[in-house]
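# What the coordinates show
Okay, here's what each chain looks like letter by letter:
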Amino acid sequence: MSFNSLGLSDALLKAISKKGYTTPSPIQQKAIPPILEGKDVLASAQTGTGKTAGFTLPILQILAQGKHLSQRPIRALILTPTRELAAQILANIKEYGEFLDIRSTVIFGGVNQNPQVAQLRQGIDILVATPGRLIDLQNQGLISLSKVEILVLDEADRMLDMGFLRDIERIMKVLPPKRQNLMFSATFSRDIKKLAMGILNKPVQVEATPENTTVEAIVQKVYPCAKEKKTELIIKLITEGNWQQILVFTRTKQGANKLTESMISAGIKAAAIHGNKGQGARTKALAGFKNGSLTALVATDIAARGLDIPLLPHVVNFELPNIPEDYVHRIGRTGRAGASGEAISLFSPDETTFLRDIEKLVGLRLPIENIAGFEPDPKASTQPIKQGQGRPQRSSNPRKSSTDNSSRSGNNSFGPRRPNQNNDRR
Ligand code: AMP
């Protein structure tokens, strides 16, 4: 199938070909036609499947064909969980929309709002936003969503995990009831299905990879390792394997910092990326990783969410995630766009429950390989990791504060404020 047969305009086809895409990815083939027909869509797709183009291309087409209102009210609203993802979606919109008269911008927390407000004042057709900053600006009367025709909830599962449900509900209340709704999620929990039922109207369901299963192109391995030897093992893997680009996941911010320091001491060019890092540091680390000046990027789950790093050969779980769905998200960073990749998990005895939960979710026994000299003591405790690092209470909104930490202020038309929660897991 070619892009020509999807019903996209010449201006978009030109931009697509400039990007070098020749064939639409499965999610694009399935999602673009119903979106162009104005239908609601519920899509199962994770980062790496080409989902961003799957919704931004048809949105650009719909808006470019629609009537131009002189005031340029926001006609498409794209909600995403993290700043990085928001920025990446905007970058894609700009590229795909190069030959169209469509204005777009992004708003997210953690940076001065004034430049964002100035952009909004000029009139914007497509707004990409994280929920916190959007509510902030709405409460201050600096943004109007009354003309929104298309709503996208991207990475909806992650937004719920991060505690954005209330925010999403508040935003829904100020949107026009008649609109087209698109929802993308990598996993489909009961909560996600409930959210979808509340927002979507007779959605067409499309799937890029089977629900909750891991991508076939990814070689998954588990290396049992004594907890205290994990740092030594990962350094050995990188240096002896001469790995050039490796994304490493830790469970905590402190863990990410500590591992990064050890890697740097061992001569590996590494940087950490997590919620305590300022936007500038995060952007710089990501750019360094993409341009090859950094070998290792050590990330927490939230920080890595939605990062667009094509063709990543190695992903290492330095620690297994305590939320099994995070495993699927993490390893989805490798084997992208048809290339094969390797996802390695360093597994210590105290993570036994996490491994079982992951295997249950993906429906696979992950292959275990022992590396001489690193095996854990067979008598080591398999007791789960101490309280505070274990399975979080999903309803307690555990991840909210670390990514979208815009301050809440002003007259709150969305209802009462939520207390600012601080949790150092991520
Ligand atoms: P996404 O899943 O939206 O994060 O996209 C993953 C990567 O695939 C991005 O680097 C896109 O630029 C790239 N991509 C999206 N669509 C295509 C396509 N049809 N052909 C090749 N690459 C694509």
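Conventions used here
- Residues numbered from 1 in each chain as written.
- Predicted model: local features only at pLDDT ≥ 70, side-chain atom pairs only at ≥ 80, totals over all residues.
- Heavy atoms only, no water.
- Helix = DSSP H or I, 4+ residues; strand = E, 2+ residues; numbered from the N terminus.
- Buried < 20%, exposed > 50% of the residue type's maximum accessible area, 1.4 Å probe, protein only.
- Contact = heavy atoms within 4.5 Å.
- Areas by Shrake-Rupley, 256 points an atom, 1.4 Å probe, with all protein chains shown as cover.
- Near = heavy atom within 4 Å.
- Polar contact = N/O pair within 3.5 Å; in protein donor to acceptor, adjacent residues only side chain to side chain.
- Nonpolar A, V, L, I, M, F, W, Y, C, P; charged D, E, K, R; others polar.
- Pairing = 2+ DSSP bridges.
- Axes fitted to C-alpha atoms, helices over the stretch in contact; angles between N-to-C directions.
- Parallel < 35°, antiparallel > 145°, perpendicular 65-115°, else oblique.
- Left-handed = near helix turned anticlockwise from the far one by under 90°.
- Core = buried A, V, L, I, M, F, W, Y, C linked by side-chain atoms within 4.5 Å.
- Phe/Tyr/Trp six-rings, centres within 6.5 Å; stacked < 30°, edge-to-face > 60°.
- Lys NZ or Arg CZ within 6 Å of the ring centre and 35° of its normal.
- Arc of directions from axis to C-beta.

This paragraph deals with the overall build of the chain. Helix and strand counts for the chain come out as 16 helices and 13 strands. Out of the 426 residues in the chain, the part that is buried amounts to 59%. Considering only contacts within the chain whose residues lie at least 6 apart along the sequence, 77% involve residues at least 24 apart. Put simply, the chain shows about 17,900 Å² of open surface, and 50% of that area lies on carbon and sulfur atoms.

For the rest of this paragraph, the subject is the site of the ligand. Around the ligand, the surrounding shell holds 14 residues, and the nearest of these are Tyr21, Gln28, Gly48, Gly50 and Thr52. Note that a nitrogen atom of the ligand is positioned 2.8 Å from one of the side-chain N or O atoms of Gln28. Measuring from an oxygen atom of the ligand, one finds a backbone N or O atom of Gly50 at 2.7 Å. Here the ligand loses 82% of its free accessible area of 500 Å² to cover by the protein chains. Classifying every residue of the shell around the ligand gives three nonpolar, eight polar and three charged.

Let's shift gears to the pairing of strand S8 (residues 218-224). Most of S8 is tucked away, with six of its seven residues classed as buried. Sheet topology places S8 next to strand S13 (residues 341-347); seven bridges connect them, and they run parallel. Across the sheet, residue Val219 finds its bridge partner in S13, namely Glu342.

What follows concerns the packing of helix H6 (residues 131-139) against helix H8 (residues 165-173). Interhelical geometry of H6 versus H8 gives an angle of 40° and a closest axis separation of 10 Å. Relative to H8, H6 is oriented oblique. Relative to H8, the crossing made by H6 is left-handed. Where H6 approaches H8, its residues Pro131, Gly132, Leu134 and Ile135 are matched on the opposing element by Asp167, Arg170 and Ile171. Counted by class, the contact of H6 with H8 contains four nonpolar, one polar and two charged residues.

Here six strands make up an open sheet; going across it, the order is S8-S13-S12-S9-S11-S10 and the pairing parallel. Each end of this open sheet is capped by a strand with a single partner; those strands are S8 and strand S10 (270-273). Each neighbouring strand pair of the sheet contributes to a mean axis angle of 20°, computed without reference to strand direction. Sitting on the sheet, helix H12 (residues 279-291) touches strand S9 (246-249), S10 and strand S11 (296-299), and the angle it makes with S11 is about 140°.

Attention now moves to the sheet that holds strand S2 (residues 76-79). Sheet architecture is open: seven strands sit in the order S3-S4-S2-S5-S6-S1-S7, paired in parallel fashion. The open sheet has two edge strands, strand S3 (104-107) and strand S7 (204-207), and neither has a second partner. Ignoring strand direction, the axes of neighbouring strands in this sheet form an average angle of 15°. Summarising the sheet, S2 and strand S4 (residues 126-129) pair through four bridges and their orientation is parallel.

Judged by nonpolar contacts, the single largest core of 40 residues is most densely connected at Leu8, Phe55, Leu57, Ile59, Ile126 and Leu182. At seven residues, the largest contribution of residues to this core is made by helix H3 (residues 51-65). Residues within four places of Leu8 in sequence aside, it is in contact with Phe3, Leu13, Ile16, Ile32, Leu36, Leu57 and Gln61. Listed in part, the 35 residues of the second largest apolar core include Ile143, Leu145, Phe164 and Ala196.

For the structure on display, the rule yields two aromatic pairs. In this arrangement the basic side chain of Lys230 is found over the ring face of Phe318, its NZ or CZ atom lying 5.9 Å from the centre.

This part covers the pairing of strand S5 (residues 150-153). Burial along S5 is two-sided: Ile150 and Val152 facing one way and Leu151 and Leu153 facing the other are all buried. Here S2 pairs with S5 via four bridges, running parallel. Each bridged residue has a counterpart across the sheet, and for Leu77 the counterpart in S5 is Leu151. Pairing geometry for S5 and strand S6 (residues 180-185), over four bridges, is parallel. What sits directly across from Val152, in S6, is Leu182.

Attention now moves to helix H5 (residues 114-121). Along H5, the residues classified as buried are Gln116, Val117 and Leu120. Axial view of H5: buried residues confined to an arc of 100°, hence all on one face. Counted as exposed and oriented over 90 degrees from the buried face of H5: Pro115 and Arg121. Those residues of H5 hidden inside the fold are in contact with S3, S4 and H6.

The subject of this paragraph is the environment of Ala15. By secondary structure assignment, the location of Ala15 is in helix H1 (residues 10-19). Accessibility expressed as a relative area gives 2% for Ala15, which makes it buried. Taking the C-alpha atoms as reference points, Ala15 and Lys94, 79 residues apart in sequence, are found 9.8 Å from one another. Once residues lying within four places of it in the same chain are set aside, the contact partners of Ala15 are Glu95, Tyr96 and Phe99.

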